[in-house]
Amino acid sequence: MDDYTREMMDLKTLVTRTLEKKGVLAKIRAELRASVFEAIEEEDRVIEKDEGLPPALLASCNDRAKHLHASPSGRLLTALICEYLDWAQLSHTLKVYLPECNLEKDSWKAELKEFSNKNGYDLNRNGDSPLLLDVLEGFLKFENLSQARASGRRFTTSGTEPLPNSESRNMRRPSSSSVVGGLPPLGRAVPSSQGSDRRGGSSTSAYRKDEYNWRYDSDELPDEVIHASNAMENLQLDRKARNLTSSWRHAGDGSSEDDGRADHVVQEVLPPPLTSTSPPPSLFDGTTRLYISYKCPYAQRVWIARNCKGVQDKIQLVPIDLQDRPSWYKEKVYPSNKVPSLEHNNEVRGESLDLIKYIDTHFEGPSLFPSGLAKEFAEELLSYTDTFYKTVVSSFKGEETEAGTAFDYIETALSKYDDGPFFLGQFSLVDIAYAPFIERFQPFLMDVKNYDIKLGRPKLAAWIEGINNIDGYRITRSDPKELVESCKKRFLVS
Ligand SMILES: N[C@@H](CCC(=O)N[C@@H](CS)C(=O)NCC(=O)O)C(=O)O
């Protein structure tokens, strides 16, 4: 290298370092990137206009993102990101982000406006901070609040049998989020008139499928927390509804990028159901697997118990498509070919009521079954579940008053303890055993018989409200309209 070249190299290095130090280079790079994107975007539009060809850049958005952006929550997510980039004056990044996501320039503003109009949020704030920061801070505040609230609301483990297996040795107190299913449990306060069900009188936990799905009453949480909680919750619920996968859990192989800590906020992404063409998981490899169907109320019981124990990271969900079951399920997993079943310690067990007790005693987390005086009552209520189901179902083709006797039994049972809205006062396996069935019977009887099971049953009404505030249950709920339709098919077609 001659002197001239060396000098030029030194000069280049000096200029580069100085520009880098002053942050100028990063800006130039970002500007360059943005300009390149803009140029391609412009070219794309010309080609699209002149030749009717699909735009190369705009169509480049990958399937995962495209799928997510097709949902209301996905659009809200991208709008929040754009709002942040705009707020932080990262305009070059925004210019790259928008076309890559196949979004029109100001579409995110319209998205946020629509969201605020529909949900009554005031998003026209003074712009002190980006909305995304509010969401995050609200969520973190909520976590603190709910941790405080979660303590003391469960049966204590003292007095119960020591946990028999190795999991007990590794006892960790799960965070509130893992106790209740990984999400902040409440939505924003809804005025009772807004939250009421047209047909059913008062409903404090109204379901709205149309846009952002679910709302719950809360009179004890500050607005910002409720806003944030709603946003986070809706993202998860929407994902559940669409069976989307994300970076946390990969559909198919069940692997997880999460580090598995229970004290870590884990938003579980539900895997898609396995069908006749799906290969089996690597059975009996030491992984604990809960085989369920998202539609089965019996399986839902066990799914709720797993969530409420906070052991999502210990028990892997394996959903099965019951209409198109993989043959290996019967042959290699559970010969009765039903769900739920639990693969644990190289054995497979079934029967939902047995399984919720098994999970309660064999896994860490809050005890969900009493050991003292309430135990006998709890057992009585568990053994009534069958009669309850049969009585209500037999009323579908007859008089709704027949169902009334079963709900009256529930109303009386709910009157026994008054230190909470649940069967034993505190939330327990008994609530878990009934929840999936009442979730189905309530909208079905309303739709088909115009029969409101809550009318004249204040304890049942309070129980329904209470159970809807349990996250471990709430994230397992289905769209009531779909439940009504499947109940119609199951019970009314002769
Ligand atoms: N008694 C069982 C009932 C389970 C059950 O009936 N599951 C249904 C789905 S909701 C099933 O697997 N049906 C498939 C079949 O019967 O082939 C329990 O409590 O776990």
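Worth saying up front: this structure is predicted, and the values here are computed from it rather than measured.

A.B. asks: Just to check I follow, could you spell out the sheet that holds strand E4 (residues 347–350) for this structure?
C.D. replies: Whenever strands of a sheet pair, they do so through backbone hydrogen bonds, lying parallel or antiparallel. Spatial strand order, E2-E1-E3-E4: 4 strands in an open sheet with mixed pairing. Two strands bound the open sheet, and with one partner strand each, they are strand E2 (315–319) and E4. Direction aside, the axes of adjacent strands within the sheet are offset by 20° on average. Of the strand pairs in this sheet, strand E1 (residues 288–292) and E2 are connected by 5 bridges, and their pairing is parallel.

A.B. asks: What is the right way to read the side chain of glutamate 364 from this model?
C.D. replies: Tracing the backbone shows glutamate 364 in the loop between helix H13 (352–362) and helix H14 (374–395). A polar contact is formed between the side chain of glutamate 364 and the side chain of lysine 314, at a distance of 3.3 Å.

A.B. asks: Explain the packing of H13 against helix H16 (residues 429–449) to me, please; I cannot follow it from the model alone.
C.D. replies: The relative placement of two packed helices is expressed as an angle between their axes plus a distance between the axes. Packing of H13 against H16 leaves a shortest axis separation of 11 Å and a crossing angle of 145°. Relative to H16, H13 is oriented so that their crossing is right-handed. Packed against H13, whose contacting residues are Leu353, Ile356, Lys357 and Asp360, the element H16 presents Leu429, Ile432 and Ala433 at the interface. Taken together, the residues of the contact of H13 with H16 break down into 5 nonpolar, no polar and 2 charged.

A.B. asks: Any chance you could explain the pairing of E1 here in plain terms?
C.D. replies: The buried count for E1 comes to 5 of 5 residues, which makes it a mostly enclosed element. Taken together, E1, helix H11 (residues 297–309) and E2 constitute a β-α-β crossover, and its handedness is right-handed. The sheet contact formed by E1 and strand E3 (residues 341–344) spans 3 bridges and is antiparallel. When the bridges of E3 are listed, arginine 289 appears paired with glutamate 343.

A.B. asks: I keep staring at the packing of aromatic side chains and nothing clicks. Help me out?
C.D. replies: We describe a pair of aromatic rings using the distance from one ring centre to the other and the angle between the two ring planes. This model, assessed by the stated rule, comprises 19 aromatic pairs. Consider the rings of tyrosine 384 and tyrosine 409, whose centres lie 3.6 Å apart with planes at 20°: the pair is stacked. With tyrosine 384 in helix H14 and tyrosine 409 in helix H15 (residues 400–414), the pair connects residues that are 25 residues apart, well separated along the chain. Owing to a relative accessible area of 13%, tyrosine 384 belongs among the buried residues under this scheme. Aromatic pair phenylalanine 388 and phenylalanine 407: ring centres 5.4 Å apart, planes at 90°, arrangement edge-to-face. Of the two residues, phenylalanine 388 is situated in helix H14 and phenylalanine 407 in helix H15; the sequence distance between them amounts to 19 residues. Phenylalanine 407 gets classed as buried once you look at its relative accessible area, which sits at 0%.

A.B. asks: Got a minute to help me understand the packing of H16 against helix H17 (residues 458–468) in this structure?
C.D. replies: One way to put it is that H16 packs onto H17 with a least axis distance of 11 Å and a crossing angle of 105°. With respect to H17, the axis of H16 lies roughly perpendicular. Facing H16, whose interface residues are Asp431, Tyr434, Ala435, Ile438 and Gln442, H17 presents Leu460, Trp463, Ile464 and Ile467. Residue composition of the contact of H16 with H17, grouped by class: 7 nonpolar, 1 polar and 1 charged.

A.B. asks: Please clarify how the site of the ligand should be interpreted in this entry.
C.D. replies: Taken together, Cys296, Tyr298, Leu322, Arg325, Lys338, Val339, Pro340, Glu351 and Ser352 make up the full set of residues adjacent to the ligand. Between arginine 325 and the ligand, the recorded distance is 2.9 Å, taken from a side-chain N or O atom to an oxygen atom. Contact between the ligand and serine 352: an oxygen atom at 2.6 Å from a side-chain N or O atom of the residue. Within the complex, the protein chains bury 71% of what would otherwise be the 510 Å² of accessible surface of the ligand.

A.B. asks: In this structure, what is going on with the nonpolar core? I would like to understand it.
C.D. replies: Burial of nonpolar side chains together is a common tendency in soluble globular proteins. In this structure, Phe388, Phe423, Tyr434 and Trp463 are the most contacted members of the largest nonpolar core, which totals 73 residues. With 11 residues, H16 is the single largest residue contributor to this core. In this structure tyrosine 434 touches Leu381, Tyr384, Thr385, Phe388, Ile410, Phe423 and Trp463, once residues within four positions along its chain are discounted. In this structure, Ala79, Leu98, Phe115 and Leu131 belong to the second largest nonpolar core, which totals 15 residues.

A.B. asks: Would you mind showing me how to read H16 here?
C.D. replies: Because an α-helix completes one turn every 3.6 residues, residues spaced three or four positions apart along the sequence face the same direction. Between the first and last C-alpha of H16 there are 30 Å, a value that for 21 residues agrees with the 30 Å anticipated at 1.5 Å per step. Approximately 35° is the largest bend angle found in H16, and it occurs at alanine 435, with the proline proline 436 only one to four residues beyond. Burial of H16 is extensive: 18 of the 21 residues sit out of reach of the surface. Downstream of H16 by one or two residues, asparagine 450 has phi in the positive range, about 50°.

A.B. asks: How do you make sense of the pattern of salt bridges when you look at a structure like this?
C.D. replies: Side-chain pairs of opposite charge can arise where the charged atoms are in close proximity. Per the counting criterion, the structure on display carries 14 salt bridges. The shortest N-O distance in the salt bridge between lysine 309 and aspartate 360 comes to 2.9 Å. Separated by 51 residues along the polypeptide, lysine 309 in helix H11 and aspartate 360 in helix H13 bring together distant segments of the chain. Across the pair, aspartate 360 and lysine 309 agree in class, each one buried.

A.B. asks: Please explain helix H1 (residues 3–21) as it appears in this structure.
C.D. replies: Taking 1.5 Å of rise per residue, 19 residues should cover 27 Å, and H1 covers 27 Å from first to last C-alpha, within 8% of that figure. Glycine 23, located one to two residues past H1, shows a positive phi value of around 80°.

A.B. asks: Which parts of the structure should I look at to understand the environment of tyrosine 291?
C.D. replies: Here tyrosine 291 is to be found in strand E1. Contacts of tyrosine 291, omitting those with residues within four sequence positions, involve Pro281, Leu283, Val318, Ile320, Trp328, Tyr329, Val333, Val339, Pro340, Ser341 and Glu343.

Rules used in this analysis
Residues numbered from 1 in each chain as written. Predicted model: local features only at pLDDT ≥ 70, side-chain atom pairs only at ≥ 80, totals over all residues. Heavy atoms only, no water. Pairing = 2+ DSSP bridges. Helix = DSSP H or I, 4+ residues; strand = E, 2+ residues; numbered from the N terminus. Axes fitted to C-alpha atoms, helices over the stretch in contact; angles between N-to-C directions. Polar contact = N/O pair within 3.5 Å; in protein donor to acceptor, adjacent residues only side chain to side chain. Left-handed = near helix turned anticlockwise from the far one by under 90°. Contact = heavy atoms within 4.5 Å. Nonpolar A, V, L, I, M, F, W, Y, C, P; charged D, E, K, R; others polar. Buried < 20%, exposed > 50% of the residue type's maximum accessible area, 1.4 Å probe, protein only. Right-handed = clockwise from strand over helix to strand, strands pointing away. Phe/Tyr/Trp six-rings, centres within 6.5 Å; stacked < 30°, edge-to-face > 60°. Parallel < 35°, antiparallel > 145°, perpendicular 65-115°, else oblique. Near = heavy atom within 4 Å. Areas by Shrake-Rupley, 256 points an atom, 1.4 Å probe, with all protein chains shown as cover. Core = buried A, V, L, I, M, F, W, Y, C linked by side-chain atoms within 4.5 Å. Expected span 1.5 Å × (residues − 1). Bend = angle between axes of the 7 residues up to and from the residue. Salt bridge = Lys/Arg side-chain N within 4 Å of Asp/Glu carboxyl O.

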